[in-house]
Amino acid sequence: MQCSPSRWCRPSMLQLCALNIDMDPIDHYLRARSYEPRSTTNLNAIYEDALPRFLDVFDRFGAKATFFLVGKDAANPRNRSRIREIVARGHEVANHTFSHSQRFRHLDRQEQYKEIAEADKQIADVIGTRVIGFRAPGWGMSEETLDVLEELDYRYDSSVFPSRLLSAVASANWVLNRGRLARTLGGSQDIGRAPKVPYYPAKDALWRRGSRRILELPMAVLPILELPFLGTMLFLFGRGVFKASAWYMRRFEHPVVYGLHGIELVDYHSCIQDERLKVKPGLAKPLAVKLDLYAGMLDQFRQHYSFVTMRELAAAYQDG
Ligand SMILES: [Zn+2]
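This section reports on the structure supplied with the text. Just so it is clear, the structure is predicted and the values come from calculations on it, not from any experiment. (Residues numbered from 1 in each chain as written. Predicted model: local features only at pLDDT ≥ 70, side-chain atom pairs only at ≥ 80, totals over all residues.)

## Observations regarding the overall build of the chain
Part 1: When helices and strands are tallied, the chain shows 11 helices and 10 strands.
Part 2: Within the chain, buried positions represent 46% of all 320 residues.
Part 3: Across the chain, every contact between residues at least 6 apart in sequence was considered, and the portion connecting residues at least 24 apart equals 73%. (Helix = DSSP H or I, 4+ residues; strand = E, 2+ residues; numbered from the N terminus. Buried ≥ 20, exposed ≤ 12 C-beta atoms within 10 Å, placed from the backbone. Contact = placed C-beta atoms within 7 Å.)

## As for helix H8 (residues 231-250)
Part 1: Here H8 spans only 17 Å end to end across 20 residues, well under the 28 Å set by a 1.5 Å rise per residue.
Part 2: Maximum bend of H8: about 125 degrees, positioned at glycine 238.
Part 3: Among the residues making up H8, those that are buried are Gly231, Leu234, Phe235, Phe242, Ser245, Ala246 and Met249.
Part 4: The elements touched by buried residues of H8 are strand E9 (256-261) and helix H10 (287-304). (Expected span 1.5 Å × (residues − 1). Bend = angle between axes of the 7 residues up to and from the residue.)

## Some points on the packing of H8 against H10
Part 1: Where H8 contacts H10, the two axes come as close as 10 Å, and the packing angle between them is 5 degrees. Accordingly, the angle class assigned to the pair H8 and H10 is roughly parallel. For the pair formed by H8 and H10, the contact residues are Leu234, Phe235, Arg239, Phe242, Lys243, Ala246 and Arg250 on the first element and Leu293, Gly296, Met297, Gln300 and His304 on the second.
Part 2: Residues that form the contact of H8 with H10 fall into these classes: 6 nonpolar, 3 polar and 3 charged. (Axes fitted to C-alpha atoms, helices over the stretch in contact; angles between N-to-C directions. Parallel < 35°, antiparallel > 145°, perpendicular 65-115°, else oblique. Nonpolar A, V, L, I, M, F, W, Y, C, P; charged D, E, K, R; others polar.)

## Focus on the nonpolar core
Nonpolar side chains in soluble globular proteins tend to end up buried together.
Part 1: Of all hydrophobic cores here, the largest spans 89 residues; its most connected members are Ala18, Ile46, Leu69, Ala220, Tyr258 and Val266.
Part 2: With 7 residues, helix H2 (residues 45-60) is the single largest residue contributor to this core.
Part 3: Apart from residues no more than four positions distant in its own chain, isoleucine 46 is found in contact with Met23, Pro25, Ile26, Leu51, Gly262, Ile263 and Val266. (Core = buried A, V, L, I, M, F, W, Y, C linked by C-beta atoms within 7 Å.)

## Regarding the pairing of strand E2 (residues 65-69)
Part 1: When you tally the buried positions in E2, you get 5 out of 5 residues, the bulk of the element.
Part 2: Residues Ala65, Phe67 and Leu69 point to one face of E2 and Thr66 and Phe68 to the other, with burial holding for every one of them.
Part 3: Here 4 bridges tie strand E1 (residues 15-22) to E2, and the two strands are oriented parallel to one another. Across the sheet, the residue bridging to isoleucine 21 is phenylalanine 67, located in E2. (Pairing = 2+ DSSP bridges.)

## Looking at H10
Note: α-helices contain 3.6 residues per turn, so residues at a spacing of three or four share the same orientation.
Part 1: Here H10 spans 26 Å end to end across 18 residues, near enough to the 26 Å set by a 1.5 Å rise per residue.
Part 2: If you check which residues of H10 are buried, you get Lys290, Leu293, Tyr294, Met297 and Leu298. What you see down the axis of H10 is that its buried residues fit within an arc of 125 degrees, all on one side. Turned more than 90 degrees away from the buried face of H10, the exposed residues are Ala288, Val289, Asp299 and Gln303.
Part 3: Against H2 and H8 lie the buried residues of H10. (Arc of directions from axis to C-beta.)

## Structural notes on the environment of glutamate 85
Part 1: Mapped onto the elements of the fold, glutamate 85 is located in helix H4 (residues 80-88).
Part 2: Measuring from C-alpha to C-alpha, the distance between glutamate 85 and isoleucine 127 comes to 9.3 Å, with 42 residues separating the pair along the chain.

## Concerning the pairing of E1
Part 1: By the criterion of burial, E1 is predominantly enclosed, with 7 of the 8 residues buried.
Part 2: Of the strand pairs in this sheet, E1 and strand E10 (residues 305-307) are connected by 3 bridges, and their pairing is parallel. Counted as the bridge partner of cysteine 17 is phenylalanine 307 from E10.
Part 3: Pairing of E1 with E9, which is carried by 6 bridges, proceeds in the parallel orientation. In the sheet register, isoleucine 21 faces E9, and the bridge partner there is leucine 260.

Put into structure tokens, the structure is as follows:
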């Protein structure tokens, strides 16, 4: 059944859960904190080490997901067969810019176009079909981003984090990282007021409903409480808080766009070995513990949701 996001209706009786994995490269975590990589760190560990683990654990739980790829990783010949395997195993790949610049939303339209179009080209070249979805680095985008995506005929964007607490979360992260990280996430303050369900943004006011052609699939946020609902919280607060959040989320019958990161399933001890990054929640936990957290999360979602790719979620909400 198709339904319009402008009316508050559900596409089916079973709620929809779209798992997404932002495949941010390891050097992004270092650069964002102004660190130089160490020789003991495998900078391609997201693809070489974590990706097979994601594919296996998703298979175990019958989960489909959408992987947001950074174009320069897709351009790396060593990753081509790995990316094709993502698609072969029933998942979607989408665009996460070419170089994952933290300044992305401050780039002008032409520079943003280059970042998006170059990643698009690299990814499409590897998988042999076109890509229709996008997410900006750090959930930071501008009106120009949506203009470019419409020009390239993208079907959906998923860069809106509709939480009024996002700037507080960014400040907490800044303190946790002793000032080594940028203090902003997500863009303008108004983004916090954006709808928490899929919507078509207004031209020149992307946090409001309007008549753009591109559909926005916002990240999951707990309504009223405004708390982000994503994998980072699972690693920070553990399974009990996750279960309570998932229970709460279900009261609202929203589709869940649940954000994960490639680095979450990297084996720190064999691939990273850099204590400067230990500030990342759960990074140095033993692999068995990380996989157990994922298994609990996937089991919860499996009981109450139908897993869909972002492309399928968009299709369920697309008008006519
Ligand atoms: Zn990212």
